[in-house]
Amino acid sequence: MRILVTGGCGFIGTNFILLMREKHPDWYLVNLDLLTYAGNRHNLAHLEASPKTGQGGTYVFAQEDICDPEGVTSLLRDHRIDAVVNFAAESHVDRSINDPSPFVTTNVQGTQNLLECARRHKVQRFVQVSTDEVYGSLESDAPAFTEETPLAPNSPYSASKAGADLLVRAYVETYGLDAVITRCSNNYGPYQFPEKLIPLMFSKAMRDEPLPIYGDGSNVRDWIYVDDHCRGVELALLQGQKGKAYNFGGQAELPNIELVQTLLDQLSKPHSLITYVKDRPGHDRRYAMDFSLAARELGFAPQVTFEQGLQRTLNWYRNNTSWLEKVQSGEYRDFMNQWYGERQ
Ligand code: NAD
Ligand code: TYD
């Protein structure tokens, strides 16, 4: 199989490429990534150094923008691509509140460009990696989101992802493109940029800095270990039914405060590092996923418990402090300083 993976230098894309390379050494993988602040080519440098697997598989990196028709078309044509898996996105809610514009450009226009290029090139399968956040927010006693839950995004990030999902639907209905959508809950694991909750709290705790909790810390997220999400995307790619959306979740709903307290306990750091800061505007109360459709049709089930996943993740960050330091330099640091400065 010859696959164009977009956003492969980001958190989930990196983990997906590493897992697929291991599981399918015969796959030809092209990683298209613009290398924004969130993309790190170094994550997969060892694959660039040894691109061939010995079983016919190859890895190719291309620095391109998903919004560029010529760049995408050349890659589809030159590498005779069969399938596209679109991870590329602006992915952080706080940044989308600060400036929605790049979210619309990359997540909406970029996805439309990929869809159009895929349609013209006649790719056999398009997987759009979306999020539970397109469904909006749940009350504490409400049933989990199903694929039938109406889309009701609340942040510029989730609105841009919902817009992309609707464009995918339109390309299926109007042009017959063979596309599926995956919607997953909060991921955690190695290579996650330290703007998201778990790596941010790890990095602050290790430096004995205050850990900023938005609001009262009672907002709930459902956590899934990144490899479980990647296995879900693989299943959707290989077995998903054209035009369908599939929910994936980790069966690990936790209030933010409980998660952060557990993390501090694991690191033997005091809870007194926790600082409550001004709430995020439009902060979704709770996400929870009903993934029975994916279980029934794709055989999906998360394999890693939250306890196992957190242990693995913290071990990885402990052993890769240089990775954290590298990605924490430059633009990221300036942006986050400004952001937290405003919220104290
Ligand atoms: P990330 O921010 O870590 O990585 C995004 C990657 O996309 C980066 O490598 C970046 O360089 C690249 N990129 C950004 N704009 C681009 C452009 N215009 N052209 C080409 N590449 C571009 O994001 P992530 O957490 O790995 O998320 C990947 C996907 O999964 C996103 O679509 C996100 O919406 C979705 N998702 C994420 C989560 C989560 O918890 N992180 C949960 C559900 C769904
Ligand atoms: P985040 O990792 O940004 O993911 P998302 O907003 O996409 O769910 O945040 C996870 C939860 O943690 C969310 O409820 C917001 C909260 N949060 C904090 O309390 N403090 C922080 O510094 C961050 C980044 C997030």
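Summary of the structure given here.

Reading the values: the criteria
- Residues numbered from 1 in each chain as written.
- Chains lettered and ligands numbered in written order.
- Predicted model: local features only at pLDDT ≥ 70, side-chain atom pairs only at ≥ 80, totals over all residues.
- Heavy atoms only, no water.
- Pairing = 2+ DSSP bridges.
- Helix = DSSP H or I, 4+ residues; strand = E, 2+ residues; numbered from the N terminus.
- Axes fitted to C-alpha atoms, helices over the stretch in contact; angles between N-to-C directions.
- Near = heavy atom within 4 Å.
- Polar contact = N/O pair within 3.5 Å; in protein donor to acceptor, adjacent residues only side chain to side chain.
- Areas by Shrake-Rupley, 256 points an atom, 1.4 Å probe, with all protein chains shown as cover.
- Buried < 20%, exposed > 50% of the residue type's maximum accessible area, 1.4 Å probe, protein only.
- Expected span 1.5 Å × (residues − 1).
- Contact = heavy atoms within 4.5 Å.

## Looking at the sheet that holds strand β9 (residues 220-225)
Strand order in the open sheet made by the 3 strands is β7-β9-β11, with mixed pairing throughout. With partners counted over all chains shown, the strands left at the sheet margins are β7 (186-188) and β11 (253-255), one partner each. Within the sheet, the average angular offset between the axes of one strand and its neighbour, ignoring direction, is 50°. Direction of pairing for β9 relative to β11: antiparallel, over a ladder of 3 bridges. By the bridge assignment for β11, Val 220 is matched with Pro 255.

## Points about the site of ligand 1
Taken together, 29 residues form the shell around ligand 1, and within it Ile 12, Asp 33, Ser 91, Tyr 157 and Lys 161 come nearest. Asp 33 is positioned such that a nitrogen or oxygen atom in its side chain is 2.6 Å from an oxygen atom of ligand 1. One of the side-chain nitrogen or oxygen atoms of Tyr 157 is found 2.6 Å away from an oxygen atom of ligand 1. Contact with the protein chains removes 97% of the 830 Å² of surface that ligand 1 exposes when unbound.

## Remarks on the environment of Val 277
Here Val 277 lies in strand β12 (residues 274-277). In this structure Val 277 comes out as buried when scored by relative accessible area, which is 8%. Separated by 61 residues in sequence, Val 277 and Asp 216 have C-alpha atoms that sit 8.4 Å apart.

## What to know about helix α6 (residues 156-175)
With 20 residues, α6 extends 28 Å between its outermost C-alpha atoms, agreeing within 8% with the 28 Å of an ideal straight helix rising 1.5 Å per residue. Among the residues making up α6, those that are buried are Tyr 157, Ser 158, Ser 160, Lys 161, Ala 162, Ala 164, Asp 165, Val 168, Tyr 171 and Val 172. At the exit of α6 stands Gly 176, carrying a positive phi of roughly 75°.

## Describing the site of ligand 2
Ligand 2 sits among 19 residues. The nearest are Glu 133, Pro 212, Arg 221, Arg 280 and His 283. Between Leu 197 and ligand 2, the recorded distance is 2.9 Å, taken from a backbone N or O atom to an oxygen atom. Note that an oxygen atom of ligand 2 is positioned 2.8 Å from one of the side-chain N or O atoms of Arg 221. A total of 510 Å² of accessible area belongs to ligand 2 in isolation, and the protein chains cover 97% of it.

## A word on the environment of Ile 274
Along the chain, Ile 274 turns up in strand β12. Counting along the chain gives 207 residues from Ile 274 to Cys 67, while the straight-line C-alpha distance between them is 40 Å. The contacts of Ile 274, once residues within four sequence positions are left out, are Leu 211, Ile 213, Ile 257, Val 260, Gln 261 and Leu 264.

## Thoughts on the side chain of Asp 222
Take Asp 222: it is sitting in strand β9. A distance of 3.1 Å separates the side chain of Asp 222 from the backbone nitrogen of Gly 250, its partner in a polar contact.

## Considering unusual backbone geometry
The phi dihedral of Tyr 191 falls on the positive side, at around 70°, and the residue is not glycine. Assignment of secondary structure puts Tyr 191 in the loop between β7 and α7 (197-206). Located in the positive-phi region is Ser 268, a residue other than glycine, with phi close to 55°. Locating Ser 268 in the fold gives a position in the loop between α9 (256-266) and β12.

Note that every value here comes from positions in space, so none of it alone points to a role or purpose.
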